[in-house]
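A closer look at the structure
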Amino acid sequence: MTFVGNKALSPLLPKSISAILAPVMMPIAWGRFSSMKRLFARLDVGLLLVILLSGFAAMPLLLQPQGLPNGSDVLYHAYRAAMMDRAWTLGDIFPRWADALYYGYGAPLWHFYAPLSYYLTSLMSRLFALDALGAIRALVLLSYFSMGIGMYFFSKRTAGRLAGVLSAIAYLFAPYVFFTLPYARGAYPELLSLALFPWVMWRFTLLLITNSRRDTALAALCLFLLIISHNLMAVVLTLLLLAYLFWQTMATMSITARQQWKRALQPHLQPHLRALLAMALAIGLSAYFWLPILLEANTVHLENLTAGAQLDYRNFFVWPDVLFGFAPLPDAGAINGLRPVTILGLPQWLFALTGLVGAIWLILQGVRSGQRRKPALYTAIFFAICGLICILLTLPLSASVWDAIKPLQYLQFPWRLLGPAAFALAFLVGMNAHWLQKLSRPSWQTGAIATVVTLVLVFAAPLFHVEEWRYTDLDTSVAAYHDSEVAGIQIGTTFTDEYRPADVQTRPGPQPDLLADYADGYPVDRAHAPEGVDVFAVASSPTSNDWQTRADEVFTMEVYTFYWPGWVAAVDGGQVPVTPSPNHGFITFEVPAGQHDVSVYLTATVPRLIANLISILTIIAFFAVMRFLPAGASAPATDPMSARQRAAVLLGGLVALALVLLFLPEPSVFWLNTAPGRAPAGQEVRYTFMADTGDGEAELARVVGYDLGSTTYSPGNTVRIAIYWQGRRDDYDVNFSSFVHIGEPDVPPLAQADKLHPGGYAMRDWWSPQGYIYDPYEIKLPDDMPAGEYTLFVGLYICELAPAGECGNGYRPEVFDVDDASVGDTLPLTTITIR
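What to know about the sheet that holds strand E3 (residues 544-551)
- Taken together, the five strands give an open sheet; going across it, the order is E2-E3-E9-E5-E6, and neighbouring strands pair in antiparallel fashion. Because the sheet does not close on itself, it has two edges, and the strands there are strand E2 (534-541) and strand E6 (574-576). Each neighbouring strand pair of the sheet contributes to a mean axis angle of 25°, computed without reference to strand direction.
- One ladder, built from seven bridges, connects E2 with E3; its direction is antiparallel. From the neighbouring strand, Val535 faces E3, where its bridge partner is Thr549.

Dropping the structure here:
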């Protein structure tokens, strides 16, 4: 039989034809085989594994067909995403003013808050016909893949492909990043910033290697995106990048100094100067965003970010027993089971330590042998230092540092630094690749790699089940948003009211006609004029209004838009002075008698013009860099993963997948299943709160247990106590607030903590007899608190049921013990000793 490249066809062909085709078909067949072989050789299997693992990380989201869970910030971002999409629809691509906020009076939200997340949600809404919730889901998916792939590229470039895979896994499945940001908090811009940071580090690392114009441009673009992704994390991560570049520069100077100081120093430092150029380009490109914030910070109430007691950074440190603890098991008996997890994962801690120790050992070996070690080993020391600093700043022992460094306080939550710490630990986990590859027995290497992968994933397994998937369908129309503002839920899409213009001293109530106008869509008539004045709306947009007026005498026109620098008024085309109205801060100006064309519109102030000009000039400089800088060198290829290493990662992933699936059924045998009326931990008790909310006295709620870490304290310590509540009704007409007081009976408390909603969950919306509400408190004791024994009092109160104008301590339900004996309107739960 003559071979023609296909044995199946050969018998079907005459010998003469086979003989003719053989010389033609054999090269084609061999060429196809060679092409496939080359393609497979070029294929980055490590990248494919990371892509699969990124999809695995997104499993909690993908298993839900639609919607988002009940994260604390979900509604804020969903409404903002809808508002940005609406601005795009109206032709405002880079808005500064959000006109629908504050009952339609508007606020400069987009001027002060990083916009990238909302640019992306608006883009995805248009590309894939998604609503606001669907666009945010797409943003979370994008963040997971960006996080994994970016971390792989960065760690691969510095320490090899196996290191890239291990680092990506450790970063993706760090509980704070994997669970708390996208689900428990719904902090999507912060998640996006942490997803972009590995790309920034990768591109700047490549730039230090290649000194190329392409990497200069890409590094600048990545950093630009990071800066406009999240205000606070952008500052922290940019400082971390700057420290990284400084470390690399010092390392380069140290090596050069030992070799050829005078002749070699300048060429070696050129990439580092190019990195500074890339940073400058990124800062210039983003000037349109950050510069007006700095120059116009006093035009809104940014001081509210640190003024509220509920956002005091002292209340948001991470305790060591929590930080180094396990991920909590899901509990079918918990009503508020979706709680932030402020841990980084025990495997991440363990393998970061082994990676660091291995790097130091290899460095010392190199010193003894006189061999130059890989720069990644020294980079491991840098990230160990950075991770340690971030971790220390999350702990209560760093309170004095936070007190002394005022800018730190704008972070609000010390545990925000867990994100950068997770990145540092993930890099150190990747450093294990150096010693894993040196294991003498292949089976040991396979087992060790599979163990790392399995443990990281399995310790995150309890978090794959995300509870309280509440927002499966959300009306994000302007009318629905205004309904939520009227209900007091989403006023200004912020908790601290920081974007309210500075001239608005007292927030006015809603105007029904204006709300109705917004509900009907544009045009929206925001004019308010005295009786006898005729005002005809001509046109309107989010940042402008045009009217025709007719009056017999001069009058003051009021526009239901908050004044903010940049708003101007014009009569017949000529600008007239604008005055904010007293207290409410509405735009007001004088209009002469007669018939006139009147306009109000938002213009750019001098700081905004300067910022825009800087960004425009930087765009020109950016293209000049692309045109005139030297092309530079190419980055050297990294060693591929061996077949054994790939198999080990895949094996670990499959084992972990099997174990993770055990946590997904609801409820799983691995879950807790606390029965109604019981507490999952701590001391079980039973105290019933009786209240008359309009239908006669009946059971309101019950304390079924508490968890007190210690009973002995010193002055200045923090008492940590968790109360377990059980609702006693299926329907609530009112919402009670809660308190924990520390002191003695019948005297003012020496320390206390109050909550608007116990456990952060309103009675009217969430409480029922079918489960418990977990309600934690942290109460700092006075530094001069006398020694002695004190009682912890727990109670509920509401002003709505107290006599009109006489709230005082509010209406407090009466408390009964297990024997139905009254203990008063405050529960003496337990005692502590102060020494």
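Here we look at the packing of helix H11 (residues 188-210) against helix H21 (residues 418-430)
- Their axes nearest at 11 Å, the elements H11 and H21 cross at an angle of 45°. It follows from the interaxial angle that H11 and H21 lie oblique. You can see that H11 and H21 cross each other, and the crossing is right-handed. Here Leu194, Phe197, Pro198 and Met201 of H11 come into contact with H21, specifically with Gly419, Pro420 and Phe423.
- Considering only residue class, the contact of H11 with H21 consists of six nonpolar, one polar and no charged.

Describing empty space enclosed by the protein
- One pass over the full model with this rule turns up two cavities of 30 Å³ or more.
- Approximately 80 Å³ is the volume attributed to the largest cavity.
- Class assignment of the residues belonging to the lining of the largest cavity gives a composition of nine nonpolar, no polar and three charged.
- Counted as a void, the second largest cavity has a volume near 50 Å³.
- Around the second largest cavity, the lining residues are Phe173, Pro175, Gly325, Phe326, Ala327, Ile343, Gly345, Leu346, Gln348, Val456, Phe459 and Ala460.
- A per-class count over the lining of the second largest cavity returns nine nonpolar, three polar and no charged.

Concerning the pairing of strand E17 (residues 788-797)
- Counting buried positions along E17 gives seven out of 10 residues, so the element sits mostly inside the fold.
- Here seven bridges tie strand E14 (residues 737-743) to E17, and the two strands are oriented antiparallel to one another. Note on E17: the bridge partner recorded for Phe739 is Gly795.
- The sheet contact formed by E17 and strand E20 (residues 827-834) spans seven bridges and is antiparallel. Looking at E20, one finds that Val794 is bridged to Leu827.

Some thoughts on unusual backbone geometry
- The residue after Tyr522, namely Pro523, is reached through a cis peptide bond having omega 5°.
- Here Pro523 is to be found in the loop between helix H25 (512-520) and strand E1 (527-528).
- In the Ramachandran plot, Asn211 falls in the positive-phi region, its phi being about 55° despite a non-glycine side chain.
- Of note, Asn211 is situated in the loop between H11 and helix H12 (213-227).
- Backbone geometry at Asp497 places phi at a positive 65°, although glycine is not the residue there.
- Residue position: Asp497 is located in the loop between helix H24 (478-486) and H25.
- Asp497 gets classed as buried once you look at its relative accessible area, which sits at 13%.

Structural notes on the sheet that holds strand E8 (residues 586-591)
- An order of E1-E4-E8-E7 is seen for the four strands of this open sheet, with the pairing classed as antiparallel. The open sheet has two edge strands, E1 and strand E7 (579-580), and neither has a second partner.
- Two strands pair when backbone bridges link them, and E1 and strand E4 (residues 555-562) are joined in this way by two bridges, in the antiparallel orientation. Residue pairing for E4: His528 is matched across the bridge by Glu558.

Brief notes about H21
- Relative to the 18 Å expected for 13 residues at 1.5 Å per residue, H21 spans 18 Å between its end C-alpha atoms, a close match to the ideal helical length.
- Of all the 13 residues making up H21, 13 are buried; the element is thus mostly covered by neighbouring parts of the structure.

What about the confidence of the model for the chain?
- Mean pLDDT for the chain: 87, with 91% of residues reaching 70 or above.
- In this model, residues 1-21 is a region of pLDDT below 50 whose contacts with residues beyond four sequence positions or in other chains number 17 contacts.

Observations concerning the packing of helix H15 (residues 287-295) against helix H26 (residues 606-628)
- With their axes 8 Å apart at the nearest point, H15 and H26 run at an angle of 150° to one another. By the angle between their axes, H15 is roughly antiparallel relative to H26. Considering how the two elements wind past one another, H15 and H26 form a crossing that is right-handed. Taken together, the residues of H26 that come into contact with H15 (itself represented by Ala287, Tyr288, Leu291, Pro292 and Leu295) are Pro607, Arg608, Ile610, Ala611, Asn612, Ile614 and Ser615.
- In the contact of H15 with H26, the residues fall into nine nonpolar, two polar and one charged.

Regarding the nonpolar core
- Judged by nonpolar contacts, the single largest core of 252 residues is most densely connected at Phe173, Phe204, Trp725 and Ile742.
- Counting residues in hydrophobic clusters, the runner-up holds five residues, among them Ala334, Ala679, Val704 and Tyr772.

Digging into the side chain of Thr216
- If you trace the backbone, Thr216 turns up in helix H12.
- Apart from residues lying up to four places away in sequence, Thr216 is in contact with Leu207, Arg274, Leu277, Ala278, Leu281, Val625 and Leu629.

Remarks on a negative patch on the surface
- On the surface, Asp692, Asp695, Glu697, Asp730, Asp731, Asp733, Glu814 and Asp825 cluster together into a negatively charged patch.
- Within the secondary structure, Glu697 is located in strand E11 (residues 697-708).

Focus: the pattern of salt bridges
- Applying the stated criterion to the full structure yields 20 salt bridges.
- Of the charged contacts in the structure, one is a salt bridge between Arg314 and Asp403, with a shortest N-O distance of 3.4 Å. Of the two residues, Arg314 sits in the loop between helix H16 (304-307) and helix H17 (320-323) while Asp403 sits in helix H20 (residues 399-404), which places them 89 residues apart along the sequence.
- Taken together, the salt bridges that share partners define one network made up of Asp44, Lys156 and Arg161.

Focus on a nonpolar patch on the surface
- Together, Val235, Leu239, Leu242, Leu273 and Leu276 give the surface a local cluster of nonpolar side chains, amounting to about 480 Å² of exposed area.
- Elements with a minimum of two residues in the nonpolar patch: helix H13 (231-258) and helix H14 (261-285).
- When residues in the nonpolar patch are grouped by element, the largest group, three residues, is from H13.
- Note that Leu276 resides in helix H14.

Some points on the side chain of Ser212
- By secondary structure assignment, the location of Ser212 is in the loop between H11 and H12.
- Classification of Ser212 by relative accessible area gives buried; the value is 4%.
- Polar side-chain contacts of Ser212 include one of 3.0 Å to the side chain of Asp215.
- Ignoring sequence-local partners within four residues, the contact set of Ser212 consists of Leu207, Arg274, Pro630, Ala631, Gly632 and Ala633.

About the thresholds
Counting starts from 1 at the beginning of each chain's written sequence and moves along it residue by residue. Owing to the predicted nature of the model, reporting of local features is limited to residues with pLDDT of at least 70; listing and counting of side-chain atom pairs is limited to 80 or more, with chain, interface and lining totals taken over all residues. The side-chain figures draw on all heavy atoms in the structure; neither hydrogens nor water molecules are used. Being paired, for any two strands, means DSSP has found at least two bridges between them. In DSSP terms, a helix is any run of H or I states spanning at least four residues, a strand is any run of E spanning at least two, and both are numbered starting from the N terminus. Inter-axis angles, ranging from 0 to 180 degrees, are taken between N-to-C directions of lines fitted to C-alpha atoms, where helices are fitted over the stretch in contact. When an angle is under 35 degrees it counts as roughly parallel; over 145 it counts as roughly antiparallel; between 65 and 115 it counts as roughly perpendicular; any other value is oblique. Here a crossing is called left-handed whenever its near helix is offset anticlockwise from the far helix by less than a right angle, and right-handed whenever the offset is clockwise. The contact definition used throughout considers only heavy atoms, calling two residues in contact when any of these lie within 4.5 Å. Each residue is assigned to one class: nonpolar for Ala, Val, Leu, Ile, Met, Phe, Trp, Tyr, Cys and Pro, charged for Asp, Glu, Lys and Arg, and polar for all the others, Gly among them. Definitions used throughout: a 1 Å grid over protein atoms alone; a cavity as a set of points that fits a 1.4 Å probe which cannot get out; a pocket as an open set with protein on both sides within 12 Å along at least five of seven lines; a lining residue as one with an atom within 4 Å of a point. Grid points are joined across faces, edges and corners, and a volume is the space filled by probe spheres set on the points. Relative accessibility thresholds used throughout: buried, under 20% of the residue-type maximum; exposed, over 50%; partly exposed, between the two (1.4 Å probe, protein chains only). In a helix, the anticipated span is given by 1.5 Å times the number of residues less one. Scored from 0 to 100, pLDDT records how confident the predictor is in each individual residue. For this analysis, a nonpolar core means a set of buried residues of the types Ala, Val, Leu, Ile, Met, Phe, Trp, Tyr and Cys, connected via side-chain atoms within 4.5 Å. Residues enter patches when they are more than 30% accessible in relative terms and free of salt bridges; like-charged ones are connected within 9 Å and nonpolar ones (Val, Leu, Ile, Met, Phe, Trp, Tyr) within 5 Å. Surface exposure here means Shrake-Rupley accessible area, sampled with a 1.4 Å probe, where a residue is shielded only by the protein chains that are shown. Throughout this description, the term salt bridge denotes a Lys or Arg side-chain nitrogen within 4 Å of a carboxyl oxygen of Asp or Glu. Positive charge is attributed to Lys and Arg, negative charge to Asp and Glu, and no charge count is given to His or to the chain ends. A single reference atom marks each charge: NZ on Lys, CZ on Arg, CG on Asp, CD on Glu. Contacts described as polar in this section are N or O atom pairs within 3.5 Å, which, within protein, must combine one atom able to donate a hydrogen with one able to accept it, while residues neighboring in sequence count only if both atoms come from side chains.

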